[in-house]
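Breakdown of the fold
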Amino acid sequence: RLAALLLDCETAALKSVQKVETAGRGGFLAAGKPQLLFEGHIFWRQLQLRKIDPAKYQAANASILYPKWTKTHYKGGIGEYARLEQARKINADAANASASWGMFQIMGFQYQLCGFKTVAQFVSAMCQSERSQLLAFCRFITKNPQMHAALQAKKWATFARLYNGSEYAKNQYDTKLLNAYKAYAAK
C-alpha cells in the first residue's frame, strides 16, 4: 500500500504489474535468488556500448549472445543463472545490465533510473529483498513521467509499450495487465 501511495496509483494497478512480470511468483526463486531473465540481444548491445565486439564471442556463446531478440534460448527460473554466469565470464557489468531483475523485472541497464550509481549496486539491491525491489521500481517509475502517468491512469497499452518496448502487443502485455487489474480490483 505504501508503494501505491508513493506512486499515487491504485494498489491493484501496482500488483498487476508485478503479477504480469513474474506470473505472480514474487521477487525470488525457491533457491533464494532473485527472479531474472537474461536477454542475449541486450548483452550484444551492452558489449558494444563497452567497445567490446560481440561477434568475437558469438560462436562459443550462441545461447547468450545474439543481435536480435529471440526467446529460443530462455531457460526460465534458475536456469537463467547459468546463462548469466556464462555472460559474466565475458563482461560482468554488461551481463548484469542485460538481465531483468526481481518482481518487476527491471532491466539492469536501467540502474541509474532506479537510483543506483552502478549496475553492481542495483544487482545487490535486487538480491536483498522484495522491499528493495519494490523501492527500485518506485524510483524507476517516478523517473519516467509518461510511464508513471500511464500507470496512474491505467492506460495499459501505453504503460506496456513504455515498460516492455514496442513489441509489447506480441506478448499481449497490455491485455495481461488489464486482466490482472480487473482481478485485483474486484477483490
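Attention here is on the structure that accompanies the text. Just so it is clear, the structure is predicted and the values come from calculations on it, not from any experiment. (Residues numbered from 1 in each chain as written. Predicted model: local features only at pLDDT ≥ 70, side-chain atom pairs only at ≥ 80, totals over all residues. Heavy atoms only, no water.)

This part takes up the overall build of the protein. Helices and strands together make up the secondary structure of the protein, namely eleven helices and three strands. Each helix (α) and strand (β) of the protein, taken in turn from the N terminus, gives the series α-α-β-α-α-α-α-β-β-α-α-α-α-α. Taking contacts inside the protein between residues at least 6 apart in sequence as the whole, the part at least 24 apart equals 59%. By element, 52% of the accessible surface of the protein is carried by carbon and sulfur atoms, the whole surface being about 9,800 Å². Side chains of the protein carry 26 positive and 11 negative charges; the gap between the two charge centres is 1 Å. (Helix = DSSP H or I, 4+ residues; strand = E, 2+ residues; numbered from the N terminus. Contact = heavy atoms within 4.5 Å. Areas by Shrake-Rupley, 256 points an atom, 1.4 Å probe, with all protein chains shown as cover. Lys, Arg positive; Asp, Glu negative; His and termini not counted. Charge placed at Lys NZ, Arg CZ, Asp CG, Glu CD.)

All right, on to a nonpolar patch on the surface then. A cluster of nonpolar side chains, contributed by Leu2, Leu5 and Leu6, occupies part of the molecular surface with about 360 Å² of accessible area. Relative to the assigned elements, Leu5 resides in helix α1 (residues 2-7). (Patch = residues over 30% accessible without salt bridge, like charges linked within 9 Å, V, L, I, M, F, W, Y side chains within 5 Å. Salt bridge = Lys/Arg side-chain N within 4 Å of Asp/Glu carboxyl O.)

Looking at the secondary structure, you find Glu80 in helix α5 (residues 79-88). A relative accessible area of 0% places Glu80 in the buried class. Glu80 has contacts with Leu36, Leu37, Phe38, Tyr74 and Lys75, leaving out every residue within four places of it along the chain. (Buried < 20%, exposed > 50% of the residue type's maximum accessible area, 1.4 Å probe, protein only.)

What follows concerns the packing of aromatic side chains. Applying the stated criterion to the full structure yields eight aromatic pairs. Judged by centre distance (5.5 Å) and plane angle (65°), the rings of Phe38 and Phe43 are edge-to-face. The class for Phe43 is buried, based on a relative accessible area of 0%. When the ring of Trp156 is compared with that of Phe159, the centres are 6.4 Å apart and the planes differ by 85°; the resulting orientation is edge-to-face. Here Phe159 and Trp156 lie together in helix α10 (residues 156-164), a separation of three residues that amounts to about one turn. (Phe/Tyr/Trp six-rings, centres within 6.5 Å; stacked < 30°, edge-to-face > 60°.)

This part covers the packing of helix α7 (residues 119-128) against helix α8 (residues 130-142). A pair of packed helices can be characterised by two numbers: the angle between their axes and the separation between those axes. In contact at an axis separation of 5 Å, α7 and α8 are set at 130° when each is read in the N-to-C sense. Considering the angle they form, α7 stands oblique to α8. Two secondary-structure elements touch here, α7 through Ala125, Met126 and Gln128 and α8 through Ser132, Gln133 and Ala136. Residue composition of the contact of α7 with α8, by class: three nonpolar, three polar and no charged. (Axes fitted to C-alpha atoms, helices over the stretch in contact; angles between N-to-C directions. Parallel < 35°, antiparallel > 145°, perpendicular 65-115°, else oblique. Nonpolar A, V, L, I, M, F, W, Y, C, P; charged D, E, K, R; others polar.)

Distances and angles like these do not, on their own, reveal function.
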